[in-house]
Structures are given as C-alpha cells and as structure tokens.
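A closer look at the structure
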Amino acid sequence: MTRPLIAALLLLAPAALRAGEATEASAMASSTEAAVEPSETSTPSNLKPSFELNGDTSYVGGARTNFGSGSTGTVTEERTDARAVLGVEENDGPIYRFGLAYQRYSFGFSKASPMPDELEGEYLVAGVDFEVLNSWLVRVEADPGFYDNGRDIGFRDFNVPFEIGGSYIASETLQWAVGLEVDINRQIPVFPAIGVRWAINDQWVLDAILPTPRLEYQWSKNLTLYLGGDLDDGTYRMDPGPGPARYTTTTTTVSQRKLAGYSIIPPNGPTPIYTTVTSTETKRTPVRNSPAAGSIVEYDEARIGAGLSWKAAKGVTLEMEGGYLPFREFDFHRSSVHFSNDDGAAYGQMSLNTQF
C-alpha cells in the first residue's frame with residue numbers, strides 16, 4: 001500500500017473512547033427525554049463535518065546497496081507524503097471519509113543502477129468509521145488510484161488496496177487494535193496485524209500499534225518525546241517500455257605498435273623501427289530503470305528513531321524525528337529479482353498534522 005499497513009488504527013483507540021462516551025451520553029439523554037415526554041418527537045438532521053490535513057517529508061542518507069551482478073553503490077532517498085480528508089457524521093452515526101492523497105519516493109544513486117529512481121502514488125481516500133456493539137470502533141478504507149514510477153501513467157497502474165481495522169476499549173488505560181491490509185499486487189496479498197495501546201501512568205504510554213509503534217513520554221501538556229519505529233510498504237508498476245537509460249562508463253587501455261622509421265646499417269638493408277603507443281577507450285553501457293519492464297515492484301523499508309511531538313495549537317501538531325534506516329528492499333517478486341541494502345543510513349523527518 002502507499003500508506004503503511006494499518007495506519008488508521010493510530011486514531012481508532014482515542015476515537016473509540018470518544019464514541020463510547022458519546023453513546024453513553026446519548027443513551028442517558030434519550031432516557032431522560034423519554035421520562036419527561038413519552039410522546040414521539042422528530043429529530044432534526046445534525047451534520048458534523050471534520051477535516052484532516054497531514055504531511056511529512058524526510059531525507060535518508062546514502063546506504064550501501066547491492067545493485068546485482070557483484071556491483072554495489074549508495075542510495076539516498078527523499079520521501080514526501082500528503083493527505084487531505086473530509087469526514088462527515090450525521091446524528092452521531094457512521095463517519096464517512098473522503099479525500100485525496102499523494103506519496104512520492106525519489107532515490108539518488110552513486111552510479112548507474114537498475115532500480116527505479118522514483119515511486120509515486122496518487123489516489124483517493126474513501127472510507128467509513130462506525131461503532132459495533134458499543135465496544136468496537138471499526139474503520140474500513142479503500143485507496144483507489146495510480147501507483148507507478150512517475151512516468152507514462154496508464155490504466156495498468158490502477159490499483160485498489162484497502163484496509164480494515166478495529167479498536168476495542170478494554171479499560172480506561174488499555175485499548176486493543178486488530179486489522180488487516182489487502183493489496184493484490186503484493187507477494188503476500190493479505191497482511192494481518194494486532195497491537196495494543198497501554199497508558200502505563202500519567203506520563204508514559206506504550207503505543208505498540210503498526211506501522212509506527214512508539215514508547216511515549218509526556219514532557220509537558222503540549223510536548224511529547226518518543227522512541228519508536230516506522231514500517232512502510234507499497235507496490236508500484238513499472239513502465240511497459242524500457243524507460244530512459246542511465247549509463248555506466250568503462251575505460252580500457254589499448255596498446256598498439258606503430259612504425260616510427262627505418263634504420264640503415266651496412267651491409268643490411270633498411271630495418272623498420274617500431275614504437276608502442278598506449279591509448280584509452282571509453283565505453284558507455286546503458287542501464288535501464290527496471291529489471292523487468294511493466295512488472296510490479298514491492299518496496300519495503302523500516303526505520304528506528306526518536307523524536308518529539310509538539311501541540312503548536314488546538315488541532316495542530318508538529319513532529320520532528322531522526323534515526324536510522326536499517327532495511328530497504330526493492331522486490332520484483334514476479335520476476336524473482338530483488339535489491340536490498342547492505343548497510344543502513346541516518347534519516348531526518350518533519351511532519352505536520354492538523355485536525356479540525
């Protein structure tokens with residue numbers, strides 16, 4: 001998926017708690033109204049919109065990577081994510097979510113590489129949040145759109161990954177989350193997951209929910225420090241053609257004998273004199289962007305790091321994070337070709353999240 005695993009579950013636990021409180025309050029209000037006035041009354045429609053805008057950008061330094069055929073080089077990365085989602089709720093019923101999202105990876109190589117230099121996802125967000133049995137808050141979300149390497153976008157690039165997640169309030173300090181993610185282009189199309197959010201005390205929280213498990217410490221009312229990880233994955237279709245070529249340069253040395261003149265030593269006739277001339281030849285060999293034109297690449301990476309989360313204003317949170325990327329893989333599983341890093345690299349990231 002363009003978005004990692006069951007990202008929606010990070011919001012489900014607190015939302016479920018609010019939903020439970022709202023349901024209890026609604027039930028109490030209904031009982032009171034029934035006691036005062038037993039006659040039927042019509043309830044006017046009450047639409048409650050909400051809006052989420054999330055964005056982040058990050059940079060990963062050069063990580064030594066196996067390019068295949070005994071060749072290695074370094075790969076840098078720039079990642080950009082942006083999402084804008086509108087939620088609509090009527091009379092404390094299901095929350096319907098609609099939006100747009102964009103994700104882009106841009107890779108830099110120290111020398112010619114057969115890997116794609118860009119991966120992009122441009123997609124819609126369509127989903128619903130609803131309550132089940134007054135205990136579970138469930139989110140179902142589909143992300144139909146185009147997932148490709150940023151060139152010649154066509155119908156073949158279209159995909160509809162989706163996810164289902166649920167959060168259960170076990171107590172005031174403990175919430176469980178379960179979910180699964182489905183992407184037919186992935187080697188393992190269905191990926192299940194389970195997690196827990198545990199408020200250890202007033203300052204420490206263990207948020208062990210994918211894709212960003214964290215151990216959080218509330219420094220102050222508006223500032224939270226954390227240690228954690230980030231798992232990201234997605235599938236993208238390469239161009240049906242070979243794509244623009246990059247070149248690797250090979251230089252070889254060539255030696256040639258050339259006639260320099262003649263020597264005349266009596267009584268012999270003229271004797272040729274040769275000299276050796278050395279020159280270099282440069283050969284440029286094209287290396288295409290993809291080992292299999294038109295195939296699917298599954299991209300996976302893992303990060304571990306530390307950061308801070310600052311509530312700059314009501315509904316506005318700014319995060320800064322830094323750490324280490326130990327794993328990255330380009331897996332063309334339908335062609336039995338994959339490339340992975342031999343060493344990790346440092347990264348830095350900034351995120352802005354707003355909710356109104």
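Below is a summary of the structure that appears in this document.

Analysis parameters
Residues numbered from 1 in each chain as written. Predicted model: local features only at pLDDT ≥ 70, side-chain atom pairs only at ≥ 80, totals over all residues. Heavy atoms only, no water. Patch = residues over 30% accessible without salt bridge, like charges linked within 9 Å, V, L, I, M, F, W, Y side chains within 5 Å. Areas by Shrake-Rupley, 256 points an atom, 1.4 Å probe, with all protein chains shown as cover. Salt bridge = Lys/Arg side-chain N within 4 Å of Asp/Glu carboxyl O. Helix = DSSP H or I, 4+ residues; strand = E, 2+ residues; numbered from the N terminus. Buried < 20%, exposed > 50% of the residue type's maximum accessible area, 1.4 Å probe, protein only. Core = buried A, V, L, I, M, F, W, Y, C linked by side-chain atoms within 4.5 Å. Pairing = 2+ DSSP bridges.

The next thing to look at is a nonpolar patch on the surface. Taken together, the side chains of Phe130, Val132, Leu133, Val140, Phe162, Ile164, Leu180 and Val190 make up a nonpolar region of the molecular surface, amounting to roughly 610 Å² of accessible area. Every element with two or more residues in the nonpolar patch is listed here: strand 4 (118-132) and strand 8 (162-169). Accessibility expressed as a relative area gives 73% for Leu133, which makes it exposed.

The biggest cluster of nonpolar side chains holds 19 residues, and the ones touching the most others in it are Phe107, Met115, Leu119, Tyr236, Val297, Tyr299 and Phe330. Listed by contribution, the elements that provide at least two residues to this core are strand 2 (71-90), strand 3 (95-109), strand 4, strand 16 (296-313) and strand 17 (316-332). No other element matches strand 3, which puts four residues into this core. Judged by nonpolar contacts, the second largest core, of five residues, contains Val60, Ala63, Ala345 and Tyr347.

The final tally for this structure, using the stated rule, is 21 salt bridges. Among the ionic pairs, Glu52 bridges to Arg97, the shortest N-O distance being 3.0 Å. You can see Glu52 sitting in strand 1 (residues 47-68) and its partner Arg97 sitting in strand 3, a full 45 residues away along the chain. In this pair, the class of Glu52 matches that of Arg97, namely buried. With its nearest N and O atoms 3.0 Å apart, the salt bridge here joins Glu319 to Arg214.

Once that is clear, we can look at the pairing of strand 19 (residues 345-355). Pairing between strand 1 and strand 19: nine bridges, direction antiparallel. Bridge pairing in strand 19 links Glu52 to Gln355. Bridging between strand 17 and strand 19 involves 10 bridges; their strand directions are antiparallel. Paired with Thr317 across the two strands is Asn353, which belongs to strand 19.

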